[in-house]
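Summary of structural features
What follows is each chain in one-letter form.
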Amino acid sequence: MSHAEPSPLTVPIATRLSGRIRVPGDKSISHRALMLSALAVGESRVEGLLEGEDVLATAAALRAMGARIERGGDGAWTINGVGVGGLLQPASALDMGNSGTSTRLLMGLIASHPIIANFTGDASLSSRPMERVITPLSRMGADVTASPGGRLPLMLRGLCPAVPIEYELPVASAQVKSAILLAGLNTPGITRVIEPVPTRDHSERMLAGFGAEVLVEQTSRGRVISITGEAELRPQQIVVPGDPSSAAFWLVAATIVPDSDVVIENVGLNPTRAGLVTALRMMGADITELDPRTVGGEPVADLRVRHAALNGITVPHDLAPSMIDEYPVLFVAAAFAAGRTIARGADELRVKESDRIAAMRAALEANGVSVTEHADGLSIDGTGGEAIPGGGCVATQLDHRIAMSMTVAGLHARAPVMIDDVSPVATSYPVFFDQLAQLTGASA
Ligand SMILES: O=C(O)C1=C[C@@H](OP(=O)(O)O)[C@@H](O)[C@H](O)C1
Ligand SMILES: C=C(OP(=O)(O)O)C(=O)O
């Protein structure tokens, strides 16, 4: 999973983006589809699975613990699960590559199985905090020996039967919520998570879809999610909707590049994920939802986006969880807006694949954009639609979203934006540059 050679890029300046594309499957849903299928008894089938490195790391780990996972010639995946409680001792360390979701959710799964797993990852993942899952999983009985600061590499010894807990999330994190719920699957009794701030709810939706007893209540303390173990999961046929976090790049690219008109097909619009569309519309973006429908239990539409003039806004803090991975590209949109955009309330950005606040500040400043850094976000003074100066170098720091966001910024620059390494894009969006070439006409 470690990246070979860095792959530098000089971003080609675009005159317009046009055409239709279909973004790959949702990363969050793809991880969960594999994990729950691996715990069902019998064969599940998943269509539209994201075939990015992060999801493939999840698949490899589940195979190492006994699940049979295969890609068919038609592109659909079949998974023969081992049943809840049936995960086997992996023979060697689980290499999580760059993927926080794989690591934290699999730690949850393993926490209530009588097995030991070692988790390793790349330099980016090895710098990310795992204490947030170690704390609740330890309360359930798992024994974790982590590297200093609660980081990877770490060893986790599960306990079976584990102890059900009630846990109020100290950080708004769907990964922590999901780790606890997944541990609760093989834990006798009711495991309960309270989330004061709602985060993406794919785990709750999919657990219920696989037949687990999941109860979601809205209370004065926030959303309370209860799962009853030991659950039995029934195999499913899953269709994964397109990833709104991948569609985000084209929403911003087509908005900022004059004369653009793009349709992005099959975009997941679960309200816990759709914050960027709301924020861009507040700024003046022209985004139309076509053919709204339901795919795999999730709301989906085709999105038509046309070039539009943007105005700076103060991004409402309560949008943060529903667009947490989209801040880097929102910062890019802000760089082209008229006036100042204040995007704060997102201190979690500091502990993603990179410190996304510092990384985007440096990347935008290097390309002539006026930026002020705050502990929890950025304020950006935009060009009012003009091209940014460009001409600067971007350090992606093993972060796919920095690479793709600054590629978008470079489409409308006076001098080319240079990026030190775009190879991390393969973690979440392997066809990003093919689709960019298609939309800009560079592939013709
Ligand atoms: O549960 C998930 O699939 C994810 C949750 C978010 O992380 P946090 O739980 O750390 O907020 C998000 O940033 C990540 O890309 C995917
Ligand atoms: C934060 C992200 O992913 P993960 O936490 O799974 O590495 C992301 O994809 O932006």
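Residues numbered from 1 in each chain as written. Chains lettered and ligands numbered in written order. Predicted model: local features only at pLDDT ≥ 70, side-chain atom pairs only at ≥ 80, totals over all residues. Heavy atoms only, no water.

Quick notes on the site of ligand 2
Rules: Note on terminology: near, applied to a residue and a molecule or strand, indicates that one of the residue's heavy atoms is within 4 Å of it. Polar contacts, as counted here, are pairs of nitrogen or oxygen atoms within 3.5 Å of one another; within protein the pair requires one atom able to donate a hydrogen and one able to accept it, and residues that are adjacent in sequence qualify only if both atoms are side-chain atoms. In this description, accessible areas are obtained by the Shrake-Rupley approach with a 1.4 Å probe, and a residue is regarded as covered only by the protein chains that are shown. Helix and strand labels come from DSSP, where a helix needs a run of H or I of at least four residues and a strand needs a run of E of at least two; each type is numbered from the N terminus. Each residue is assigned to one of three groups, with Ala, Val, Leu, Ile, Met, Phe, Trp, Tyr, Cys and Pro labelled nonpolar, Asp, Glu, Lys and Arg labelled charged, and all others, Gly among them, labelled polar.
Lining the immediate surroundings of ligand 2 are 13 residues, of which Lys 27, Gly 100, Thr 101, Arg 128 and Arg 401 lie closest. In this structure, an oxygen atom belonging to ligand 2 sits 2.7 Å away from a side-chain N or O atom of Lys 27. One nitrogen or oxygen atom from the side chain of Arg 128 is found 2.8 Å from an oxygen atom belonging to ligand 2. Protein coverage of the free-state accessible area of ligand 2, which is 300 Å², stands at 98%. Those elements that provide at least two residues to the shell around ligand 2 are helix H3 (100-111) and helix H11 (400-411). When its residues are assigned to classes, the shell around ligand 2 shows no nonpolar, six polar and seven charged.

Some words on the environment of Leu 290
Put simply, the rule is: Contacts: residue pairs with any heavy atoms within 4.5 Å of one another.
Secondary-structure assignment places Leu 290 in strand E16 (residues 286-295). The contacts of Leu 290, once residues within four sequence positions are left out, are Ala 301, Asp 302 and Arg 304.

Here we look at the UniProt feature "binding site: phosphoenolpyruvate" (unreviewed entry) in the protein
The line we're drawing: UniProt positions are given in the numbering used here, feature names are shortened, and annotations may be inferred rather than shown by experiment. The classification of residues rests on relative accessible area computed with a 1.4 Å probe and restricted to protein chains. Under 20% of the type maximum is buried, over 50% is exposed, and intermediate values are partly exposed.
Here, UniProt's "binding site: phosphoenolpyruvate" (unreviewed entry) annotation points to Lys 27, Gly 100, Arg 128, Gln 175, Arg 356 and Arg 401. Relative to the helices and strands, Gln 175 resides in helix H5 (residues 174-185). Residue classification places Gln 175 among the buried residues on the basis of a relative accessible area of 16%. When sequence neighbours within four positions are dropped, the list of residues in contact with Gln 175 reads Gly 100, Thr 101, Arg 104, Leu 105 and Val 133. Among the polar contacts made by the side chain of Gln 175, one reaches the side chain of Thr 101 at a distance of 2.9 Å. Along the chain, Arg 401 falls in helix H11. A residue is classified by how much of its surface remains accessible, and Arg 401, at 3% relative accessible area, is buried. Beyond its immediate chain neighbours, meaning those up to four positions away, Arg 401 contacts Lys 27, Ser 245, Phe 249, Asp 325, Pro 328, Arg 356 and Ser 428.

Concerning the pattern of salt bridges
Stated formally: The term salt bridge refers to a pairing of a side-chain nitrogen on Lys or Arg with a carboxyl oxygen on Asp or Glu at a separation within 4 Å.
Summed over the entire model, instances satisfying the criterion amount to 35 salt bridges. Across the pair Asp 381 and Arg 340 runs a salt bridge, and its minimum N-O distance is 2.9 Å. Placement of Asp 381 in strand E20 (residues 377-381) and of Arg 340 in strand E18 (residues 340-343) is noted, with a sequence separation of 41 residues between them. With relative accessibility at 46%, the residue Arg 340 sits in the partly exposed group. Here Arg 344 and Asp 376 are joined by a salt bridge, their closest N and O atoms 2.8 Å apart. Taken together, the residues span a long stretch of sequence, with Arg 344 in the loop between E18 and helix H10 (356-366) and Asp 376 in the loop between strand E19 (370-374) and E20 at a distance of 32 residues.

Focus on the nonpolar core
Heads up, the condition is: For our purposes a nonpolar core is just a set of buried Ala, Val, Leu, Ile, Met, Phe, Trp, Tyr and Cys residues, chained together by side-chain atoms within 4.5 Å.
Core analysis: the biggest nonpolar cluster contains 77 residues, and Trp 250, Ile 264, Leu 280, Tyr 327 and Leu 330 have the highest contact counts within it. Listed in part, the 65 residues of the second largest apolar core include Leu 36, Ala 40, Val 84 and Leu 109.

A look at the side chain of Arg 128
By the element assignment, Arg 128 lies in the loop between strand E7 (116-120) and helix H4 (131-139). Given the relative accessible area of 3%, Arg 128 is considered buried. Polar side-chain contacts of Arg 128 include one of 3.2 Å to the backbone oxygen of Val 351.

Concerning the site of ligand 1
The cut-off we apply is this: Throughout, the edges of the domains are those of an automatic or database domain assignment.
Near ligand 1 you find Ser 28, Arg 32, Thr 101, Arg 104, Ala 172, Ser 173, Ala 174, Gln 175, Arg 200, Ile 324, Asp 325 and Lys 352, and these make up its full shell. A distance of 2.7 Å separates an oxygen atom of ligand 1 from a polar atom in the side chain of Ser 28. Bound to the protein, ligand 1 loses 94% of the 390 Å² it would expose on its own. Secondary-structure elements contributing two or more residues to the shell around ligand 1 are helix H1 (27-39), H3 and H5. Each residue belonging to the shell around ligand 1 can be placed in one class, and the counts come to three nonpolar, four polar and five charged. Formed jointly, the shell around ligand 1 draws a minimum of three residues from each of two domains, domain 1 (9-25 + 241-440) and domain 2 (27-239).

Digging into the UniProt feature "active site" (unreviewed entry) in the protein
Listed under "active site" (unreviewed entry) in the UniProt record, and renumbered for this structure, are Asp 325. With respect to the secondary-structure elements, Asp 325 resides in the loop between strand E17 (298-306) and helix H9 (327-335). Under the relative-accessibility criterion, Asp 325 is labelled buried at 14%. Discounting chain neighbours no more than four positions away, the residues touching Asp 325 are Arg 200, Ser 245, Lys 352, Arg 356 and Arg 401.

Some details on the packing of aromatic side chains
For clarity, the threshold we go by: Each Phe, Tyr or Trp ring (for Trp, its six-membered ring) is paired with any other whose centre lies within 6.5 Å, and the angle between the two planes then decides the class: stacked below 30 degrees, edge-to-face above 60, tilted in between.
This model, assessed by the stated rule, comprises six aromatic pairs. Ring centres 5.8 Å apart and planes at 80° place the aromatic pair Phe 249 and Phe 432 in the edge-to-face group. Placement of the pair is Phe 249 in helix H7 (residues 244-256) and Phe 432 in helix H12 (residues 432-440), with a sequence separation of 183 residues. As far as the burial class goes, Phe 249 and Phe 432 line up, both buried. Here the aromatic cluster, defined as three or more aromatic residues joined through ring pairs, consists of Phe 249, Trp 250, Tyr 429, Phe 432 and Phe 433.

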